[in-house]
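Here are the chains, one letter per residue:
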Amino acid sequence: MPKYSIVVPFHNEEDNVTVLYARLKQVMEQVGDTFELVLVDDGSSDRTYKLLEEIAAVDSRVLVVKLRRNFGQTSALAAGFDNASGEFILAMDGDLQHDPNEIPNFLEKLEEGYDVVSGWRKERIDNFVMRRIPSRCANWLMAKLSGVDIHDFGTTFKAYRHEVIQNIPLYGEMHRFIPALASWYGASICEIPIKNVHRERGKSHYGIGRTFRVFFDLLTIRFLLKYMSRPLHFFGTFGALGILFGGIISTLLLGMKIFNPHQNVMDAHGPLFVIAGVLILGGIQLLAIGLLGELQVRHYYTGQQRTPYAIDRIVRLRTPEEPSILSDRNGDRF
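Computed from a prediction, not measured in an experiment: that's the story for all the values here.

Caption draft 1: Main features of the overall build of the protein. Across its full length, the protein carries ten helices and eight strands. For the protein, buried positions account for 42% of its 334 residues. For the protein, the proportion of contacts with a sequence separation of at least 24, taken over those separated by at least 6, is 79%. Accessible area of the protein: about 17,600 Å², with a carbon and sulfur share of 58%.

The structure is reproduced here in structure tokens:
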């Protein structure tokens, strides 16, 4: 079992694959401990997978995970984490905007006892309007809503202890919130500055639309952090309040009718009658939706141990001591 696992997702990065591999190999060999490179092809349409396969054919420390289609960065990272076997796991992008020479700084913090080490692009060089302002607003909101005091949630360049990252379910675009989710499990988190360099080759996959999606994810994270183990406390509170106030209004209207049988309640207090009915029905629906939502989420992601990705094949160079693990889609060995 290697001590370190480096997880790198790739999507149409044929110009960066071999360069990044060479840099990672050089840095990790200088570190001196055993390591593996878990390289994930997230449904690339160029030569990315072919290049990864060629690398795996000559280096037994390289594990290539090929996904059936482009599932997104979070799912690609989840596939890498699930197949990583190192005691410490480090994740980074495959576009060479993360400098492999900074990896020892992350590993040093893990050796000090931290569970999660997050990179901080302290000096941003991105476009001020399209990248830096939205990123700063999003990071500020994430820190406030999650209670985790770090400056940069967005970067993939982070390091984790194996037992911590394995306890965090990843789906949607939750990779940005791993520190927040890890804090819910009591993980110790620190932050170190990293360089923010320009992309040397290839085309960026970032779009402004991703920033807007982050704000919606913030609501999910806030809910998960506070009500992950008790979601009905959230829905039940509003549902019970709706039923309570609706019941009070209905009781008052019923009392008016009892003490004044000749009064037409609908004509005199029609709006209150409607409000009471809506509050009661809405409260019942909130309770029901909360219960059903909890059952569905837990059943899908926990009960059946489903994953948010589908692997096409896993490639690693066979050593004399072990059988080949090059598998086809049905899991049969060659």
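Caption draft 2: Molecular detail of helix H9 (residues 231-259). In a regular helix each residue adds 1.5 Å, so 29 residues correspond to 42 Å; H9 covers 42 Å between its end C-alpha atoms and thus fits that length. Within the span of H9, buried status applies to Pro231, Gly236, Gly239, Gly242, Gly246, Ile249, Leu253 and Gly255.

Caption draft 3: The packing of helix H1 (residues 17-31) against helix H4 (residues 103-111), seen in detail. For the pair H1 and H4, interaxial distance at closest approach is 10 Å and the crossing angle is 40 degrees. With respect to each other, H1 and H4 are oriented oblique. The two elements H1 and H4 cross, and the hand of that crossing is right-handed. On the side of H1, the interface is formed by Leu24, Val27, Met28 and Val31, while H4 contributes Ile103, Pro104 and Leu107. Looking at side-chain class alone, the contact of H1 with H4 contains seven nonpolar, no polar and no charged residues.

Caption draft 4: Broad picture of the pairing of strand E6 (residues 158-161). Where burial is concerned, the two faces of E6 agree: the one with Lys158 and Tyr160 and the one with Ala159 and Arg161 are both buried. Pairing geometry for strand E4 (residues 88-91) and E6, over four bridges, is antiparallel. Its bridge partner being in E6, Ile89 is matched across the sheet by Tyr160.

Caption draft 5: Looking closely at a nonpolar patch on the surface. A cluster of nonpolar side chains, namely Leu241, Leu244, Phe245, Ile248, Leu252 and Met256, defines an oily patch on the protein surface of about 550 Å² accessible area. Positionally, Phe245 belongs in helix H9. On the basis of relative accessibility, which here comes to 48%, the residue Phe245 falls in the partly exposed class.

Caption draft 6: Fine view of the pairing of strand E1 (residues 4-10). A large share of E1 lies buried, amounting to seven of its seven residues. Burial along E1 is two-sided: Tyr4, Ile6, Val8 and Phe10 facing one way and Ser5, Val7 and Pro9 facing the other are all buried. Sheet topology places E1 next to strand E2 (residues 35-41); seven bridges connect them, and they run parallel. When the bridges of E2 are listed, Ser5 appears paired with Glu36. For the segment spanning E1, H1 and E2, crossover handedness is right-handed. Strand direction decides the pairing type here: E1 and E4, joined by four bridges, are parallel. Across the sheet, Ser5 pairs through a bridge with Ile89, a residue of E4.

Caption draft 7: Geometry of the side chain of Asp99. If you trace the backbone, Asp99 turns up in the loop between E4 and H4. The exposure class of Asp99 is buried, given its relative accessible area of 16%. Residue contacts for Asp99: discarding those within four places in its chain leaves Phe157 and Lys195.

Caption draft 8: Broad picture of the pattern of salt bridges. Applying the stated criterion across every chain yields a total of eight salt bridges. A salt bridge links Lys3 to Glu111; the shortest N-O distance between them is 2.8 Å. Highlighted residues: Lys3 in the segment before E1 and Glu111 in helix H4, separated in sequence by 108 residues. A relative accessible area of 43% places Glu111 in the partly exposed class. Each of the salt bridges in this network shares a partner with another, and the network as a whole consists of Lys3, Asp33 and Glu111.

Caption draft 9: A look at the sheet that holds strand E7 (residues 189-194). Strands sit in the order E7-E5-E6-E4-E1-E2-E3-E8 across an open sheet of eight strands; the sheet is mixed. In the strand order of this sheet, the two ends are held by E7 and strand E8 (311-315), each with one partner. Sheet twist, expressed as the average angle between the axes of neighbouring strands with direction ignored, equals 20 degrees. Bridge count for strand E5 (residues 116-121) against E6 is three bridges, and the pairing is antiparallel. Opposite Val117, over in E6, you have Ala159 as the bridge partner. Running over the sheet, H1 touches E1, E2 and strand E3 (62-67) and is turned about 170 degrees from E1. Sitting on the sheet, helix H2 (residues 48-58) touches E1, E2, E3 and E8, and the angle it makes with E3 is about 155 degrees.

Rules used in this analysis
- As a convention, each chain's residues are numbered from 1 in the sequence order in which they are written.
- Under the rules for a predicted model, residues below a pLDDT of 70 receive no local features and side-chain atom pairs below 80 are neither given nor counted, while totals for whole chains, interfaces and linings still include all residues.
- For side-chain calculations, the full set of non-hydrogen atoms in the structure is used, while hydrogens and water are omitted.
- Numbering of helices and strands runs from the N terminus; a helix is a DSSP stretch of H or I covering at least four residues, while a strand is a stretch of E covering at least two.
- Each residue's exposure class comes from its accessible area (1.4 Å probe, protein chains only) as a fraction of the maximum for that residue type: buried when under 20%, exposed when over 50%, partly exposed otherwise.
- Here a residue-residue contact requires only that any non-hydrogen atoms of the pair lie within 4.5 Å.
- Note that accessible areas follow from Shrake-Rupley with a 1.4 Å probe, and for residues the cover is restricted to the protein chains shown.
- Expected helix span is computed as 1.5 Å times (number of residues minus one).
- Only the stretch in contact is used when a helix axis is fitted, and all axes are lines through C-alpha atoms; the angle between N-to-C directions ranges over 0 to 180 degrees.
- Under this scheme an angle from 65 to 115 degrees is roughly perpendicular, one under 35 degrees roughly parallel, and one over 145 degrees roughly antiparallel; angles in between are oblique.
- By convention the crossing between two helices is left-handed if the near helix lies anticlockwise of the far one by an angle smaller than a right angle, and right-handed if it lies clockwise.
- Amino acids outside the nonpolar list (Ala, Val, Leu, Ile, Met, Phe, Trp, Tyr, Cys, Pro) and the charged list (Asp, Glu, Lys, Arg) are all regarded as polar, and Gly is one of them.
- By this definition, two strands are paired if DSSP reports at least two bridges between them.
- Surface patches are drawn from residues lacking salt bridges whose relative accessible area is over 30%; two like charges belong together within 9 Å, two nonpolar side chains (Val, Leu, Ile, Met, Phe, Trp, Tyr) within 5 Å.
- Put simply, a salt bridge is a Lys or Arg side-chain nitrogen that is within 4 Å of an Asp or Glu carboxyl oxygen.
- Clockwise travel from the first strand over the helix to the second, with the strands pointing away from the viewer, marks a crossover as right-handed.

Read these as layout, nothing more, since geometry by itself doesn't imply function.
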